[in-house]
Amino acid sequence: MDAKERMKLEPVPMPELEVSERLSSFAEVNLGYSEQDTQAEAERCLQCKKAPCREGCPVDVDIPGFIALIREGSYAEAGLKIKRTNVFPAICGRVCPQERQCQERCVLAKRGKAINIGYLERFVGNYLIAHPEEQINAAPATGKRVAVVGSGPAGLAAAGDLAKLGHQVTVFEALHRPGGVLVYGIPEFRLPNITVDNELETLRRLGVEIRTNVVVGRTLTIADLREEMGFAAIFLGLGAGAPIFLGIEGENLPGVMSANEFLTRVNLMRAFDEDYDTPVQRGRNVTVIGGGNVAMDSSRCALRLGADSVTLLYRRTRAEMPARVEEVRHAEEEGVIFELLVAPTRFLGEEGHLTAVECLRMELGEPDESGRRRPIPLPGSEFIVATDQAIIAIGARVNPSARLVMPGMEQDDGGHIIVDRETLMTNIPGVFSGGDVVAGEETVIRALSDGRKAAQAIDNYLRSK
Amino acid sequence: MFKIVDKQELAENIIEYTVDAPDVARHHHAGQFCIIRVHSHCERIPLSIAETDPQAGTITLVVQIAGHSTKELAQLEVGDAILDVVGPLGRPTRIGSPKRAVFVGGGVGVPAGNLMAREMKQAGAQVLGIIGFRTKDLVIYEDKLRAATDELIVTTDDGSYGYHGLVTEPLQQQLEAGESYDLVITVGPVVMMRAVAEVTRPYGIHTIASLNPIMVDGTGMCGACRVTVGGETKFACVDGPEFDAHQVDFPELALRLEMYGDEEIRAHEAGPHECRLEQSLNESG
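The written sequence of each chain sets the order in which its residues are numbered from 1. All chains are assigned letters beginning with A, and all ligands numbers beginning with 1, in the order in which they are written. Reporting in this predicted model follows two pLDDT cut-offs: at least 70 for local features of residues, and 80 or more for side-chain atom pairs to be given and counted; totals over whole chains, interfaces and linings ignore these cut-offs and use all residues. The side-chain quantities take in all heavy atoms of the structure and omit both hydrogens and water.

Q: Honestly, unusual backbone geometry in this entry has me stumped. Any pointers?
A: It is generally the case that most residues other than glycine have a negative phi and that most peptide bonds are trans. Here B:Gly87 and B:Pro88 are connected by a cis peptide whose omega angle stands at -5°. Secondary structure is summarised from DSSP: a helix means a run of H or I of at least four residues, a strand means a run of E of at least two, and numbering begins at the N terminus for each. Residue position: B:Pro88 is located in strand β7 (residues 84-89). Along the chain, B:Gly240 connects to B:Pro241 via a cis peptide bond; the corresponding omega equals 10°. Relative to the assigned elements, B:Pro241 resides in the loop between α7 (236-239) and β16 (242-244). Positive phi is not limited to glycine here, since A:Glu351 has a value of about 50°. Assignment of secondary structure puts A:Glu351 in the loop between β10 (342-350) and β11 (353-367).

Spelled out as structure tokens, the structure:
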């Protein structure tokens, strides 16, 4: 088939759960490509020599390379090719904002027919999970121990690469289940926790040990790790897990909660499953404030928990929403009402519970430092939205208690850990950091990229000692 | 897994567990707490720590058996294990260097005072303990508090043991008699802590309340435990659990505790007398 013929082929859509079936369960909405779908989609790839898609990938996955292997039917090899630079294809295939990364750069994107790289990645990621014998082997043991603090994307990526390099890695997680935002934040219908568990299993097979219920700085100190337990290097992948609130009147009324609380109850603590004891508020008329993936996730969870209506309040327009395009589409299909260009000004309550949120209409002004047009309030435009549950999903920041982890470590005013750009080492020799705790709230793949980079730097550090 | 090495029934529906948790035991300071999960489908339950033994690697927890999760905990015996224990969480008590200090505890808040009173004494203070219960059968940790303090007053609401009345009454009497204190720490039901704060306020005595709001992760990640202190929102799990009692918005805390109709936490709100107490507080503004 020549390029012209390939360009005529149509993209293969992702099979999805019917909208009517979605709201009664937390089952995954994207059902995944069949082998036939995968072959048909892979067939469309032009195998560009320059491969602009790769430049869009924060971890430089050899995209044409793995697609070529798919065409040959060598799914395990395709998966392992991805794994060389991205340890978690089954996760990234599901949660990466491909439309702003690899797929945006695809030469076919101009015609609106970019290769569905994420869907292909997901297929081979799942294939590897189903075939655990296909595994990259670890290098001979170096005898060096490395501690990874935090089991979110940055920490797990670092752990995976360090183990492959032959180091003995222990991951410390504060919660009772490892995975960080992948398990407490991202809901089942987008990223099943079992997928995360499967990827964790691949790390364990590489020799990575995972210890839950350890708050480093409290349960164990960095000094314990270094002096008593013999860790020669430490990677801090603490994330940006502290919820940001609006700071407006009535925000502490029962019925108002952070998306982190709501999603943690639903995802990590599995409040949607009656076999679990976790309580969660099931609002009738829910409002969600924000326009990112977390806002979409919260809205869609609320619908699945039985809300009569879910209204998403966002202060800009749809074009500025940071959420993945697919999540916005799914939310809309499922019945989330978008109230755009509005910002809450106060929460109102009766008899000690939330009853309404007062909002102000906005218009867009000049672009701000994020490059998005700044919302400007329209005076006198106040209006009331009746609601019995408000979920605040306007972002997260570095947990202020990150300062307890390592006294003397340099952090900026926002709590971000300051590292050397090349080595990702903090001002404390042998202590490295990356992911959201360094860069601020970012994507899963950016955190994975930092984890990888840190693993390489830690390896260099350990070998030079 | 965290093995249970001792279990004592202190009173009806109040059980003391000693649990093998060496890292927590080694790093714990008075005022900090832990979170447990009994089994894989269970809630995360925040509990204060009544005693630690760093040598033996154990911590001691006193639990009121009230809700579903604590009933499941009550099934566990010596030799069984608690699935998850994480801690120590929160900030240690900032005791400073008081000369004369008071610990005021109520119900299952009393055991937390064991380590606090001991630390106040170590800081050089002369310590008065006032501990209150509904009735004689519910009196717990009397001997431990007697050992940890210089003087101990036990109160019961029904007069069946010790002083007949609320914990605030002996405290008020001490202050009216001209006894001077420079630190009061209170742990117990919200309404009791609020009443203690109102008693000490006119005297300007630095008063610390250890709060017990609803929590999920206990590490500053969810904000379920937010409380208003001096007009600012704080997270009890990482900024607390102890705050200046004169600055805490107790009515808001009480309201938020009701949010999930949480049996565990409601169980801390002891008897009917508190409605009376609350009423009088609200009337006095």
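Here the narrative resumes, following the displayed structure.
Q: What is the right way to read the domain arrangement of chain B from this model?
A: Frequently, the measure chosen for interface size is the accessible area removed from exposure when the parts meet. Residues and elements named next belong to chain B. Domain limits in this description derive from either an automatic procedure or a database domain assignment. According to the domain assignment, chain B contains domain 1 (2-87) and domain 2 (100-258). A C-alpha centroid distance of 21 Å is found between domain 1 and domain 2. Should any heavy atoms of two residues lie within 4.5 Å, those residues are considered in contact. Each side of the interface is counted separately: domain 1 has 20 residues, and domain 2 has 20 residues. Each of two parts loses accessible area, computed with a 1.4 Å probe, when they are put together; buried area is these two losses added. For the pair domain 1 and domain 2, the summed buried area comes to about 1,600 Å², and 62% of that belongs to carbon and sulfur atoms. In terms of surface lost to domain 2, no three residues of domain 1 exceed Ala30, Phe33 and Glu51, which account for 28% of the buried area on that side. We count a salt bridge whenever a side-chain nitrogen from Lys or Arg sits within 4 Å of a carboxyl oxygen from Asp or Glu. Inspection of the region where domain 1 meets domain 2 yields two salt bridges. Pairing of N or O atoms within 3.5 Å defines a polar contact, subject to two protein rules: one partner must be a possible hydrogen donor and the other a possible acceptor, and residues neighboring in sequence count only if both atoms are side-chain atoms. Here domain 1 is connected to domain 2 by six residue pairs in polar contact (both at pLDDT 80 or more). Put simply, the parts of the chain that give the side of domain 1 that touches domain 2 at least two residues each are β1 (2-11), β2 (14-20), β3 (33-37), β4 (45-53) and β5 (58-64). For the side of domain 1 that touches domain 2, the element with the highest residue contribution is β4, accounting for six residues. Three classes are used: nonpolar for Ala, Val, Leu, Ile, Met, Phe, Trp, Tyr, Cys and Pro, charged for Asp, Glu, Lys and Arg, and polar for all others, with Gly counted as polar. When the residues that make up the side of domain 1 that touches domain 2 are grouped by side-chain class, the tally is 10 nonpolar, six polar and four charged.

Q: Sorry, what's going on with the packing of helix α5 (residues 63-71) of chain A against helix α9 (residues 117-130) of chain A here?
A: What describes two packed helices is the angle between their axes and the distance between those same axes. All names here are of chain A. In the contact formed by α5 and α9, the axes pass within 11 Å of each other and the chain directions differ by 60°. When the interaxial angle is binned, α5 and α9 end up oblique. Two packed elements cross with a definite hand, and for α5 against α9 that hand is left-handed. Every residue of α9 that contacts α5 at Ile63, Phe66, Ile67 and Ile70 is listed here: Ile117, Leu120, Glu121 and Val124. Here the contact of α5 with α9 is composed, by residue class, of seven nonpolar, no polar and one charged. Axes here mean lines fitted to C-alpha atoms, for a helix over just the part in contact, with angles spanning 0 to 180 degrees between N-to-C directions. Each angle gets one of four labels, with under 35 degrees taken as roughly parallel, over 145 as roughly antiparallel, 65 to 115 as roughly perpendicular, and the rest as oblique. Definitions for this section: a left-handed crossing has its near helix turned counterclockwise from the far helix by less than a right angle. A right-handed crossing has that turn clockwise.

Q: Sorry if this is basic, but what is going on with the domain arrangement of chain A here?
A: Residue and element names in this part refer to chain A. You can read the domains of chain A as domain 1 (3-130), domain 2 (145-241 + 398-464) and domain 3 (244-395). Here domain 1 and domain 2 have C-alpha centroids that lie 28 Å from each other. Listed as interface residues are 22 residues of domain 1 and, on the opposing side, 25 residues of domain 2. Across the domain 1 to domain 2 interface the summed buried area is about 2,000 Å²; carbon plus sulfur atoms make up 72%. Linking domain 1 to domain 2 there are one salt bridge.

Q: Help me out: how do you make sense of the side chain of B:Arg37 in this one?
A: Looking at the secondary structure, you find B:Arg37 in strand β3. Polar contacts involving the side chain of B:Arg37 include one to the side chain of A:His176, which spans 3.4 Å. Within the local environment of B:Arg37, its side chain forms a polar contact with the side chain of B:Asp84, the two groups lying 2.8 Å apart. Once residues lying within four places of it in the same chain are set aside, the contact partners of B:Arg37 are A:His176, B:Cys42, B:Glu43, B:Arg44, B:Ile82, B:Leu83 and B:Asp84.

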